[in-house]
Amino acid sequence: MTPVPPLLTPARKRGLALVSFLVLLQGGAMGLAAFATRALFDAMHQETALPALMLAALVLSGVATATVRVLARRAGERLGQDYARSLRRALFDHAARMPARAVATRRTGYMSLRFVGDMTAFRNWLALGLPRLIAALVMVPCALIALALMAPLLALVVLPILSFGIAVILLAGWKLLPLHQDLRQRRASIAADMAERMPLAPHLDMLGRRRREARQMNRQLSAMIEVALRRITWAEALKAVPDLMAGAAAAAVIVAGFRSGISPGTIAGALAALGLLLQPMRDLGSLWNLRAAHRAAQQKLRAALSRAQRPTPAARRALPKGALTVALHQVALPSGRQITCRLEAATRQVLDIEPIDFASLCDVIQRLDEVPSGEVMLGERPLQDLSAGSLRRRIGRIDGAAVILQGSLRRVLTLGLEERPSDARLLRLVERCHLSPLLDRLGGLDGRISEGGRMLSLSERVLISWARVRLRKPGLLLIGPEVRMLDDQTRARLMRYVQKREATVISAIALPFERKTNDMSEARAGG
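The rules behind these values
- The written sequence of each chain sets the order in which its residues are numbered from 1.
- Predicted model: local features are reported for residues with pLDDT of at least 70 only, side-chain atom pairs are reported and counted for 80 or more only, and whole-chain, interface and lining totals are derived from all residues.
- Computation of side-chain values: all heavy atoms of the structure, hydrogens and water removed.
- By the criteria applied, helices consist of DSSP H or I runs no shorter than four residues and strands consist of E runs no shorter than two, each listed in order from the N terminus.
- This radius of gyration counts C-alpha atoms alone. The globule rule is 2.2 Å times how many residues there are, raised to the power 0.38.
- Relative accessibility decides the category of a residue: with a 1.4 Å probe and only protein chains considered, values under 20% of the type maximum give buried, values over 50% give exposed, and everything between is partly exposed.
- Neither His nor the chain ends contribute to the count of charged residues, in which Lys and Arg are positive and Asp and Glu negative.
- By convention, charge coordinates are those of NZ in Lys, CZ in Arg, CG in Asp, or CD in Glu.
- Buried Ala, Val, Leu, Ile, Met, Phe, Trp, Tyr and Cys residues that are joined via side-chain atoms within 4.5 Å together make up what is termed a nonpolar core.
- In what follows, residue pairs with any heavy atoms lying within 4.5 Å of each other are defined as contacts.
- A pair of strands is considered paired only if DSSP assigns at least 2 bridges between the two.
- Only residues whose relative accessible area exceeds 30% and that form no salt bridge enter a patch; like-charged residues are grouped when within 9 Å of one another, and nonpolar side chains (Val, Leu, Ile, Met, Phe, Trp, Tyr) when within 5 Å.
- Residue-level accessible areas treat just the shown protein chains as cover; the underlying method is Shrake-Rupley with a 1.4 Å probe.
- When a carboxyl oxygen of Asp or Glu lies within 4 Å of a side-chain nitrogen of Lys or Arg, that pair is called a salt bridge.
- In this analysis the probe radius is 1.4 Å and the grid spacing 1 Å, with only protein atoms considered; a cavity is a set of points the probe fits into but cannot get out of, a pocket is an open set with protein on both sides within 12 Å along at least five of seven lines, and lining residues have an atom within 4 Å of a point.
- Grid points are joined across faces, edges and corners, and a volume is the space filled by probe spheres set on the points.
- Each residue gets one of three labels, nonpolar for Ala, Val, Leu, Ile, Met, Phe, Trp, Tyr, Cys and Pro, charged for Asp, Glu, Lys and Arg, and polar for the others, Gly among them.
- Residue-level confidence of the predictor is what pLDDT reports, using numbers from 0 through 100.
- Ring pairs are drawn from Phe, Tyr and Trp, using the six-membered ring of Trp, whenever the two centres fall within 6.5 Å, and their geometry is named by plane angle: stacked under 30 degrees, edge-to-face over 60, tilted for the rest.
- Only when the NZ atom of a Lys or the CZ atom of an Arg is both within 6 Å of the ring centre and within 35 degrees of the ring normal do we say a charge sits over the ring.
- All axes here are fitted lines through C-alpha atoms, helices being fitted over the stretch that makes contact, and every angle between N-to-C directions spans 0 to 180 degrees.
- These descriptions rest on fixed angle ranges, namely under 35 degrees for roughly parallel, over 145 for roughly antiparallel, 65 to 115 for roughly perpendicular, and the rest for oblique.
- Crossings are sorted by hand: turned counterclockwise from the far helix by less than a right angle, the near helix makes the crossing left-handed, and turned clockwise it makes it right-handed.
- Identification of polar contacts relies on pairs of N or O atoms within 3.5 Å, with a donor-acceptor requirement for protein atoms, meaning one able to donate a hydrogen and the other able to accept it, and with residues adjacent in sequence counted only if both atoms are side-chain atoms.

Some words on the overall build of the protein chain
- Tallying secondary structure elements over the protein chain gives 17 helices and 11 strands in all.
- For a compact globule of 527 residues, the expected C-alpha radius of gyration is about 24 Å, and the protein chain comes in at 34 Å, more than 25% above that figure.
- In terms of its C-alpha atoms, the protein chain occupies a principal-axis envelope of roughly 115 × 50 × 45 Å.
- A buried classification covers 46% of the 527 residues belonging to the protein chain.
- Charge centroids of the protein chain, computed over 75 positive and 41 negative side chains, lie 5 Å from each other.

Right, dumping it as structure tokens:
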């Protein structure tokens, strides 16, 4: 299991300390405003000149409060973004070490939600949740202290009302967690369904499924909206508790102050101090909403990081140079059959197996998937002891499964290379691999290829994989059945290249080489 990145690293602890300091400054500025308000009201009640110092302090406190709030929010957002970045990296690293088949079976919507929806919950907890908690812990005591310094009686009047409001928020906030979990599950299901159906929308319309799919989506959305409304109602109710509390507390302050003969200036200052409590209490109400979203996302994160991964190489040994020997002993295939064979270096082997079995075997040899059963030896060394870099450099694959990211043709051809060849060499490579029509269609090496190579034909994907092989010159070649899709001239040129290469070849199609070389044998998988 990949460990969950810690919420507070030393750097993030320093950032949180900065946020706490800024919030403390904000509380101090608002407290200054309360005392300045009391002094100004006392001056008006006594019909004397308004003290310029108190007026300046009132204006200065407003400027300081606004400035510090922006700085604190910025510092909190930096914290949240940094935490989300570490989580995204952990998720990607974990997925990169999972078996390719396991990643492929995950629905696209769920995978994308981990990087979008859940990241918002994680980011908001550190960017908004913890700073708001700190603000409440700082501002509420500061406001009570300011109130007590003005009139201890008024502080005693407000304290029971404040305590009751905090207790209601703390006790009622637990209700939000199951609502968030339910909403998150429904939202994830809708996202996954839409990610699956949107690319197929025209085809679903042709099959007469448009209205049926729309009705199903509407039912899912209606159920999700009901849960969302319950969640938002409960969350806003918690945020409304401070407003109810503030009204009752203000009335209690005025009545108690009037009956006790406290000066109007002190009452006005107490009301200003009471206003300091309103925002942190609202933040305390919204804190549960952020915490519940974070908890729901955290549960899914732990589940995602606990999925099985490919075993880590024990020895990280490198493959020898030149053609490789290959030994397969009772390797299980998806069809339920097993394969056993041995290839000496620089020999050619045609495997008479199903395309799905061949693709799975290639994934196993490249260690994209675990060996389900049996044993694989490359270069007389166990597959599990070989380093990932050695496998990447020494094994080439010519088929339709080339990994293609959105970008220029130059980037697509050189994906995975440590050093990018010159454009002149790439242009020669394009011509030799019969990719000139694609180059012309894109308008040169800078031409853009869409996400996943959706604009490419299967033949073009095969030729791109061939071009990558030519750049690496591996010692083991895996030739998939998609090579049959090439035209006769291109396929003949590819086969001449394969014949000239000093490499071991495992192929899913017949290789038109002369049998007198005795370097080609037929192998069949056993049941």
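Notes on the nonpolar core
- In this structure, Phe122, Leu147, Leu154, Val158, Leu162, Leu277 and Met281 are the most contacted members of the largest nonpolar core, which totals 66 residues.
- For this core, the secondary structure elements donating two or more residues are α1 (10-45), α2 (52-96), α5 (117-150), α6 (152-172), α7 (176-197), α9 (210-260) and α10 (264-305).
- Here the element with the most residues in this core is α5; it accounts for 18 residues.
- Excluding residues within four positions of it along the chain, Leu162 makes contact with Val140, Leu144, Met245, Leu277 and Met281.
- With 35 residues, the next largest nonpolar core counts Leu435, Leu445, Met495 and Val505 among its residues.

Quick word on helix α11 (residues 355-365)
- Counted residue by residue, α11 has 8 buried out of 11 residues, so it is predominantly covered.
- Along α11, the positions that sit buried rather than exposed are Asp357, Phe358, Ser360, Leu361, Cys362, Asp363, Val364 and Ile365.
- Backbone geometry just after α11 places Arg367 at a positive phi near 60 degrees.

Let's talk about the pairing of strand β4 (residues 375-378)
- Inspection of the sheet shows strand β1 (residues 326-332) paired to β4 by 4 bridges, in the antiparallel sense. Counted as the bridge partner of Ala327 is Met377 from β4.
- In this structure, β4 lies alongside strand β5 (residues 381-382), joined through 2 bridges in antiparallel fashion. Across the sheet, residue Leu378 finds its bridge partner in β5, namely Arg381.
- The hairpin formed by β4 and β5 contains 2 residues between the paired strands, and Gly379 there has a positive phi angle of roughly 60 degrees.

Section: a nonpolar patch on the surface
- There is a patch of nonpolar side chains on the surface, built from Phe41, Met44, Leu50 and Leu55 and spanning about 350 Å² of accessible area.
- With respect to the helices and strands, the residue Phe41 is situated in helix α1.

Describing the layout of surface pockets
- Each pocket or cavity is described by its volume, and for the second largest pocket that value is around 330 Å³.
- What lines the second largest pocket is a set of 17 residues, among which Gln26, Arg69, Arg132, Ala135 and Asp283 lie closest to the centre.
- No other element matches α5, which puts 6 residues into the lining of the second largest pocket.
- When the residues that make up the lining of the second largest pocket are grouped by side-chain class, the tally is 10 nonpolar, 3 polar and 4 charged.

Points about a positive patch on the surface
- Side chains of Arg425, Arg428, Arg432, Lys473, Arg493, Arg496 and Lys500 sit close together on the surface and give a patch of like positive charge.
- Within the element layout of this structure, Lys473 appears in the loop between α16 (458-472) and β9 (476-479).

So, the confidence of the model for the protein chain
- The predicted model of the protein chain has a mean per-residue pLDDT of 83, with 93% of residues at 70 or higher.
- The spread of mean pLDDT over the elements of the protein chain runs between strand β11 (residues 520-524), the lowest at 42, and β9, the highest at 95.
- Note on residues 514-525: pLDDT is under 50 here. Beyond four places in sequence and across chains, it has 23 contacts.

Re the packing of aromatic side chains
- Tallied over the full model, the rule gives 2 aromatic pairs.
- Between Tyr83 and Phe122 the ring centres are 6.0 Å apart and the planes differ by 90 degrees, which places this aromatic pair in the edge-to-face class. Of this pair, Tyr83 sits in helix α2 while Phe122 sits in helix α5; the two residues are 39 residues apart in sequence, bridging distant segments of the chain. Assigned by exposure class, Tyr83 and Phe122 land together as buried.
- Geometry around Trp125 places Arg291 over its ring, the cationic atom sitting 5.1 Å from the centre.

Observations regarding the packing of α7 against α9
- Closest axis-to-axis distance for the α7/α9 pair is 9 Å, and the angle between their directions is 150 degrees. With respect to α9, the axis of α7 lies roughly antiparallel. The crossing of α7 and α9 is left-handed.
- Across the contact of α7 with α9, the residue classes tally to 14 nonpolar, 4 polar and 8 charged.

Regarding the environment of Ser507
- Mapping Ser507 onto the fold places it in strand β10 (residues 504-507).
- Classification of Ser507 as buried rests on a relative accessible area of 0%.
- Expressed as a C-alpha distance, the spacing of Ser507 and Ile398, which sit 109 residues apart in the sequence, is 9.4 Å.
- Not counting the four nearest positions on each side in its chain, Ser507 is found in contact with Gln349, Val350, Leu351, Phe358 and Ile479.
- Only 2.8 Å separates the side chain of Ser507 from the backbone oxygen of Ile509, close enough to count as a polar contact.

Quick word on the pattern of salt bridges
- According to the stated counting rule, one finds 19 salt bridges in the structure shown.
- Where Asp82 meets Arg85, a salt bridge forms, and the shortest distance between an N and an O atom there is 2.8 Å. A residue pair is termed a helical-turn pair when its members lie 3 or 4 positions apart in one helix, as Asp82 and Arg85 do in helix α2 at 3 residues.
- Under the relative-accessibility criterion, Asp82 is labelled partly exposed at 25%.

Some words on the sheet that holds β4
- Read from one edge to the other, the open sheet built from 4 strands follows the order β2-β1-β4-β5, with strand pairing classed as antiparallel. The sheet is open, and its two borders are formed by β2 (338-343) and β5, each paired with just one other strand.
- Pairing of β1 with β2 involves 5 bridges; the strand directions are antiparallel. Bridging from a neighbouring strand, Val331 pairs with Ile339 of β2.

Details of the packing of α6 against α10
- Look at α6 against α10: their axes get within 11 Å of each other, and the N-to-C directions meet at 10 degrees. With respect to α10, the element α6 is oriented roughly parallel. In this structure, α6 contributes Leu154, Val158, Leu162, Gly165, Ile166, Ile169 and Leu170 to the contact, and α10 contributes Ala270, Leu274, Leu277, Met281, Leu284, Gly285 and Trp288.
- Of the residues assigned to the contact of α6 with α10, the class counts are 12 nonpolar, 2 polar and no charged.

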